2 protein chains.
Amino acid sequence: MAEKKRSDGMKPGNIFSKIPDLVKDEIFETLLKTDHLELERIISSGQATPPGEWYEQPIDEWVILLKGSAGLLFEGNEEIMVLHPGDYIHILAHQRHRVEWTDGEQKTV
Amino acid sequence: MAEKKRSDGMKPGNIFSKIPDLVKDEIFETLLKTDHLELERIISSGQATPPGEWYEQPIDEWVILLKGSAGLLFEGNEEIMVLHPGDYIHILAHQRHRVEWTDGEQKTV
């Protein structure tokens, strides 16, 4: 899609664009932010939550995996949930979870 | 992804799943709804906004095209904006727009 500005407020882009090849860290980019919502693109390159650590967020998170793959573990579950392209999940606030792994062969969006 | 229930509140699914083959109408499915947000999957099969009509919505819309393609026209622009997979756009409330076309060869999500 052309990058030129079209109208006020429209911010066109492509979710798969501008993914750097050589990056060690995960990349968090805010695409939209309102009083009630933050929309983020997250690009991972094999990262995982450090051993023994859990994410516990004060807000609900709805996540969709569009490229690559990832394994999530929710506290109290024994089985890792594997996300493939198109898979989404609604993670409730305070639901403790870990990213066990992300794809080591390609970027995960 | 397995369809079995895993924990309270989690509603896993795949954005590309359960797309009917033979459908004449567009399919709107709510994936998540809160006081401040409605998240919808829209599946189109060649539909367009009827000639001369415009959409004008009271709320902002952020849309990402994940499969297929679509042509959008915004009032005051001459050029149709073509969306391909991964393309997203933020449509402000009351910004009049039309869907000029959606892919006639495959489903558009």
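So, here is what we can say about the structure in this document. Note that this is a predicted model, so its numbers are computed, not measured.

Reading guide: rules and limits
Residue positions within a chain follow its written sequence, with the count starting from 1. As they are written, the chains are lettered A onward and the ligands numbered 1 onward, keeping that order. Selection of residues for local features in this predicted model requires a pLDDT of at least 70, selection of side-chain atom pairs for listing and counting requires 80 or more, and totals for whole chains, interfaces and linings are taken over all residues. Where side-chain values are given, they derive from all heavy atoms of the structure, hydrogens and water being excluded. Only DSSP runs of H or I covering at least 4 residues are called helices, and only runs of E covering at least 2 are called strands; the numbering of each starts at the N terminus. For each residue, the accessible area found with a 1.4 Å probe, counting protein chains only, is set against the maximum for its type, and the residue is called buried under 20%, exposed over 50%, and partly exposed in between. Between two residues, a contact is recorded if the distance between any of their heavy atoms is within 4.5 Å. Residue burial considers only the protein chains on display, and all accessible areas are found by Shrake-Rupley using a 1.4 Å probe. Charge assignment: positive for Lys and Arg, negative for Asp and Glu; neither His nor the chain ends contribute. Positions of charges follow a simple convention, taking NZ of Lys, CZ of Arg, CG of Asp or CD of Glu. Only the six-membered ring of Trp is used, alongside the rings of Phe and Tyr, when aromatic pairs are assigned; centres must lie within 6.5 Å, and planes under 30 degrees apart are stacked while those over 60 apart are edge-to-face, with the rest tilted. Here the quantity called buried area is the total loss of accessible area, with a 1.4 Å probe, experienced by two parts when brought into contact, counted for both. Counted as salt bridges are all cases of a side-chain nitrogen of Lys or Arg within 4 Å of a carboxyl oxygen of Asp or Glu. Any pair of N or O atoms that falls within 3.5 Å is considered a polar contact. Within protein, one atom must be able to donate a hydrogen and the other to accept it, and sequence-neighbouring residues count only if both atoms are side-chain atoms. Strand pairing is assigned whenever DSSP detects at least two bridges linking the two strands. Fitted lines through C-alpha atoms serve as axes, helices being fitted only where they are in contact, and the angles separating the N-to-C directions of these axes extend from 0 to 180 degrees. When the copies are superposed, the least-squares fit draws on C-alpha atoms of residues that have pLDDT of at least 70 in both.

### Let's talk about the overall build of chain A
Part 1 of the reasoning: Counting secondary structure elements, chain A contains zero helices and eight strands.
Part 2 of the reasoning: In sequence order, the secondary structure elements of chain A are arranged as β-β-β-β-β-β-β-β.
Part 3 of the reasoning: Along the first, second and third principal axes, the C-alpha set of chain A runs to 50 × 35 × 25 Å.
Part 4 of the reasoning: Across the 109 residues of chain A, 38% fall into the buried class.
Part 5 of the reasoning: Within chain A, residue pairs in contact and separated by at least 24 positions form 57% of the contacts whose partners lie at least 6 positions apart.
Part 6 of the reasoning: Approximately 6500 Å² of chain A is accessible, and the part contributed by carbon and sulfur atoms is 52%.
Part 7 of the reasoning: If the 12 positive side-chain charges of chain A are averaged to one point and the 20 negative ones to another, these points end up 11 Å apart.

### Considerations on the packing of aromatic side chains
Residue and element names in this part refer to chain A.
Part 1 of the reasoning: A full pass over the atoms with the stated rule returns two aromatic pairs over all chains.
Part 2 of the reasoning: Residues W62 and Y88 carry aromatic rings whose centres are separated by 5.1 Å and whose planes lie at 25° to one another, so their mutual orientation is stacked. Of this pair, W62 sits in strand β4 (residues 61–64) while Y88 sits in strand β7 (residues 87–91), placing them 26 residues apart in sequence.
Part 3 of the reasoning: What makes W62 partly exposed here is its relative accessible area of 23%.
Part 4 of the reasoning: By relative accessible area, Y88 is classed as buried at 11%.

### Some thoughts on the interface of chain A and chain B
Part 1 of the reasoning: Taken together, the 35 residues of chain A in the interface contact 35 residues of chain B.
Part 2 of the reasoning: For the chain A and chain B pair, buried surface summed over both sides reaches about 3100 Å², with 61% attributable to carbon and sulfur atoms.
Part 3 of the reasoning: Linking chain A with chain B are zero salt bridges, by the criterion used here.
Part 4 of the reasoning: Linking chain A with chain B are nine residue pairs in polar contact (both at pLDDT 80 or more).
Part 5 of the reasoning: At the level of elements, β1 (13–14), β2 (27–33), β4, β6 (81–83) and β7 of chain A are the ones that each hand at least two residues to the side of chain A that touches chain B.

### Observations concerning the sheet that holds strand β8 (residues 97–102) of chain B
All names here are of chain B.
Part 1 of the reasoning: The three strands lie next to each other as β6-β5-β8, forming an open sheet whose pairing is antiparallel. Both edges of this open sheet fall to β6 (81–83) and β8, since each of them pairs with a single strand only. With direction set aside, neighbouring strand axes in the sheet form an average angle of 25°.
Part 2 of the reasoning: By the bridge criterion, three bridges tie strand β5 (residues 70–74) to β6 in an arrangement that is antiparallel. Among the inter-strand pairings, L72 is bridged to a residue of β6, identified as M81.

### So, the pairing of strand β5 (residues 70–74) of chain A
All names here are of chain A.
Part 1 of the reasoning: The buried fraction of β5 amounts to five of the five residues, a majority that puts the element mostly inside the structure.
Part 2 of the reasoning: Both faces of β5 are covered, namely the face carrying A70, L72 and F74 and the face carrying G71 and L73.
Part 3 of the reasoning: Between β5 and β6, which pair antiparallel and follow one another directly, the connecting turn spans six residues, one of which, G76, has a positive phi of 95°.
Part 4 of the reasoning: Alignment of β5 against strand β8 (residues 97–102), held across five bridges, turns out to be antiparallel. Each bridged residue has a counterpart across the sheet, and for G71 the counterpart in β8 is W101.

### Concerning the relation of the copies chain A and chain B
Part 1 of the reasoning: The transform that puts chain A on chain B rotates by 180° and translates by 0.0 Å along the axis, for an RMSD of 0.0 Å. Between the two chains, the operation in question is that of a two-fold axis. When C-alpha distances to the rotation axis are compared across chain A, the minimum falls at H36 of chain A, with a value of 3.3 Å.
Part 2 of the reasoning: When the interface residues of chain A are mapped onto chain B, 100% of them again fall at the interface, so both copies present the same face.

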